Amino acid sequence: MTRDKNVRWDEMVYYVKNYAGWLEALFRAGGTVDGIKPFLASGYPVIIATGYTVKEGWVGHYLLLTGYDDDRQAFIVQDAFGGPNGVVSYGEVDHNWQQFNRYFILVFPAQDTDKIMALLGLEADEAANREHALETAYAETNADPNNAFAWFNLGSNLNYFERYAEAAQAFDQARGLGLPWRMMFYQFGPYHAYFNVGRYQDVVDIASAALSRRPDLEENFFWRGWARYRLGDEIGAIEDFRAALDVNPNFSDARAALETLGAR
């Protein structure tokens, strides 16, 4: 699986649940600086999905938060790029975290599940968590209508509630304002929304643009495959599902798609 460079937050949780039975994991959206602190104070590191700028430009990234310092208004972070025990301000963390809907991942001993749920409070319920994330996204688009990431988050959270027509409009707004060209390497909400409102050619066009930049994005192959199928191109769909499996042989969605079409 050396070609599969991107690991989504849900894939990380799936791996822990299925291959590290002594551990439990979950992810939530719409995290806050203050909401993360109780976990760190209780000895539970937190993984967050963020934007990051390297020499080549904007990329998606994960940071491991292991502590915080209110005097310095900063988190202590472990960073594959920046090294161990970095100090990053709350403001910088939140700015970059917004670019990924403030997703966070908790990995903890299975016997601590009740404690984790207590620390999550109202966010323990996944639907309630998404409702809060949706409210935050609405507030941030109202506060700064030119923030493309806020609109993208709005679309992502509307998708959760299957409000696809509204989500598609939010993604249109985000794309119109301008997103990093690597955005579709990591987050695939526009495909969910556009596909579900019948905008199949848009899915094909956006996925093809991403794949022209980087031809090892299995999720883009997968969504383009289904869009091609809905447009009547079954041969192209099968080619895309096979390409997705070539990138990631464990991509069960692509395998199931091939089985649905009676192909292998």
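In case you missed it, the structure is sitting above this.
Residues numbered from 1 in each chain as written. Predicted model: local features only at pLDDT ≥ 70, side-chain atom pairs only at ≥ 80, totals over all residues. Heavy atoms only, no water.

1. Let's talk about empty space enclosed by the protein
In total, this model carries one cavity of 30 Å³ or more according to the counting rule given. Around the largest cavity, the lining residues are Gly-30, Asn-101, Arg-102, Ala-133, Thr-136, Ala-137, Glu-140, Asn-153 and Asn-157. Elements with a contribution of two residues or more to the lining of the largest cavity: helix 5 (126–143) and helix 6 (148–160). Per-element accounting of the lining of the largest cavity gives the leading share, four residues, to helix 5. Residues that form the lining of the largest cavity fall into these classes: two nonpolar, five polar and two charged. (1 Å grid on protein atoms, 1.4 Å probe; cavity = no way out; pocket = protein on both sides within 12 Å on 5 of 7 lines; lining within 4 Å. Points joined across faces, edges and corners; volume = space filled by probe spheres on them. Helix = DSSP H or I, 4+ residues; strand = E, 2+ residues; numbered from the N terminus. Nonpolar A, V, L, I, M, F, W, Y, C, P; charged D, E, K, R; others polar.)

2. Things to note about the side chain of Asn-147
Mapping Asn-147 onto the fold places it in the loop between helix 5 and helix 6. Owing to a relative accessible area of 15%, Asn-147 belongs among the buried residues under this scheme. Of note is the side chain of Asn-147, whose polar atom sits 3.0 Å from the backbone nitrogen of Phe-149. What Asn-147 contacts, discounting residues up to four positions off in sequence, is Gln-98 and Leu-177. (Buried < 20%, exposed > 50% of the residue type's maximum accessible area, 1.4 Å probe, protein only. Polar contact = N/O pair within 3.5 Å; in protein donor to acceptor, adjacent residues only side chain to side chain. Contact = heavy atoms within 4.5 Å.)

3. Re the layout of surface pockets
Within this model, the largest pocket holds a volume of roughly 1100 Å³. Secondary structure elements with two or more residues in the lining of the largest pocket: helix 1 (9–19), helix 5, helix 6, helix 8 (189–196), helix 10 (218–230) and helix 12 (252–260). At seven residues, helix 1 tops the list of elements feeding residues into the lining of the largest pocket.

4. Some words on helix 12
Structurally, the α-helix is built with 3.6 residues per turn, so residues lying three or four positions apart point the same way. Buried within helix 12 are the following residues: Ala-254, Ala-257 and Leu-258. Seen along its axis, helix 12 keeps its buried residues to an arc of 100°; they face one direction. Exposed residues on helix 12 whose side chains face more than 90 degrees from its buried face are Glu-259 and Thr-260. Next to the buried residues of helix 12 lie helix 10 and helix 11 (234–247). With its phi angle positive at about 70°, Gly-262 sits one or two positions after the end of helix 12. (Arc of directions from axis to C-beta.)

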